[in-house]
Amino acid sequence: MVDQLEQLLTQLETLRTHAVEELSPINTSAELDEWDTRYLGRNRGELKNLSSVMPKLSKEDRPVVGQKINAVKAVLERQLKEKREELKARELMLALERERIDVTLPGRTIPAGRVHPISRAIAEVSNIFLKMGFSVLQGYEVEDDYHNFQALNIPVDHPARDMQDTFWVEPGQILLRTQTSPMQIRTMEQSQPPVRVIVPGKVYRNEDIDATHEAVFHQIEGLLIDEHCTMADLKGCLERFAHEMFGPDRRLRFRSSYFPFTEPSAEVDISCGLCNGKGCRSCKYSGWLEVLGSGMVHPKVLRKVGYDPEKYRGFAFGIGVERIAMLKYDVGEIRLFSGNDLRFLRQL
Ligand SMILES: [Zn+2]
């Protein structure tokens, strides 16, 4: 019986030594939990296994072994507690290191947005006409055939319709407006002279896209109707616009042209700012750049909306916004405006 007792005490001592040895290299809570289960586990822990022989021991040996078991258990539990605290402290240190805030680092910059060059051009042109007493109106992008063509003196079989290849919503009836001019008709239908409005907005043409043509682009329509209004007023108004927009040195040239809804009609060119009218690559060596179409409102159009052409006269013009933006911001390619390429937009 003495042998059995000594053997048991030796086993307990060995268990203690092994357990303590295995504890020191443990680095994580998971490993520590494993260690806890292996040595101190209630079901199959090694200490529990050795305790299971207790009932077989003699009355004298039992307290000796019991004491030893308790002593080993106390040592292991104390070491476990210390190790747990050590690991916890280390994990906290690591977390603090990881989450450390360096207040000297520069902050994250939020890039500032900016106005798109087309919107900017529309705002600049609008401001100039607002100062001359014009109001700014919005029109409809989906229009009917009557307001887009017929009321503007472009009947169903008129050859001018060939100039405007149309996107039809309902063929012959509803379309995506090919010009901002339908708002001339809608404005005059709804009000009496004097009329002074500009209408910026998108227009649609079923065109092949190239460096100077887009299927969707922007126009600014202008309309003035009053009792006394001549071509001289039209010239003065557009000259004022050109000088405010491009500078006081620029000259305007009126070339006679044809639009169904104005008579007489004129294309308006502005002197090239790069060569000062002498001729260069940018103006195709002509010294002039096309900027808009204009004319005196056709009497037939006035009659359509119930205005008396004997009493009222007026002028109208249509400005291509992309054209203006290309000239003003020196852009050689119309497709850049619709591309939404930030590398381009950030330069303007
Ligand atoms: Zn030039």
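Cut-off values and rules
Residues numbered from 1 in each chain as written. Predicted model: local features only at pLDDT ≥ 70, side-chain atom pairs only at ≥ 80, totals over all residues. Heavy atoms only, no water. 1 Å grid on protein atoms, 1.4 Å probe; cavity = no way out; pocket = protein on both sides within 12 Å on 5 of 7 lines; lining within 4 Å. Points joined across faces, edges and corners; volume = space filled by probe spheres on them. Helix = DSSP H or I, 4+ residues; strand = E, 2+ residues; numbered from the N terminus. Pairing = 2+ DSSP bridges. Contact = heavy atoms within 4.5 Å. Axes fitted to C-alpha atoms, helices over the stretch in contact; angles between N-to-C directions. Buried < 20%, exposed > 50% of the residue type's maximum accessible area, 1.4 Å probe, protein only. Salt bridge = Lys/Arg side-chain N within 4 Å of Asp/Glu carboxyl O.

Asker: Residues and numbers for the layout of surface pockets, please.
Answerer: One number sums up the size of the second largest pocket: a volume of about 210 Å³. The wall of the second largest pocket is formed by D36, Y39, L40, G41, R42, L47, K48, S51, I69, K73 and E77. Elements that contribute at least two residues to the lining of the second largest pocket include exactly α2 (29-40), α3 (46-51) and α4 (61-98).

Asker: Which residues make up the pairing of strand β7 (residues 252-259), and what values go with them?
Answerer: Across 7 bridges, β7 lies against strand β8 (residues 262-271) in antiparallel orientation. Considered in β8, the bridge of R253 is made with D269. In this antiparallel pair of consecutive strands, β7 and β8, the connection spans 2 residues.

Asker: Would you mind going over the sheet that holds β8 in detail, with residue names and values included?
Answerer: Strand order in the open sheet formed by 7 strands is β1-β5-β6-β10-β9-β8-β7, with mixed pairing between adjacent strands. Whereas interior strands pair on both sides, the edge strands pair on one side only; in this sheet they are β1 (135-136) and β7. Relative to strand β9 (residues 288-297), β8 runs antiparallel, the two being bridged by 8 bridges. Pairing of A266 across the sheet is with S294, part of β9. On top of the sheet, helix α7 (residues 182-190) reaches β5 (195-204), β6 (216-226) and β10 (313-320); it is set at about 35 degrees to β6, its chief contact.

Asker: Mind laying out the pairing of β9, listing which residues take part and the relevant values?
Answerer: The buried fraction of β9 is high, at 9 of 10 residues. Taken together, the 5 bridges between β9 and β10 define a ladder with antiparallel strand orientation. The partner of L292 across the bridge, within β10, is I319.

Asker: Tell me about empty space enclosed by the protein, residues and numbers included.
Answerer: Over the atoms, a rolling probe the size of a water molecule traces out where space has been left empty. Scanning the entire structure with this criterion turns up 1 cavity of 30 Å³ or more. Forming the walls of the largest cavity are L238, F241, A242, F246, L252, V268, I270, V291 and L292. At the level of secondary structure, the elements contributing two or more residues to the lining of the largest cavity comprise α8 (231-246), β8 and β9. Tallying contributions element by element places α8 first for the lining of the largest cavity, with 4 residues.

Asker: Quick rundown of the pattern of salt bridges? Include the residues and the values.
Answerer: Within the structure shown, the criterion is met by 17 salt bridges. When the shortest N-O distance is used, the salt bridge between E124 and R120 registers 3.8 Å. Of this pair, E124 and R120 both sit in helix α5 (residues 117-131), separated by 4 residues, roughly a single helical turn. E124 gets classed as partly exposed once you look at its relative accessible area, which sits at 25%.

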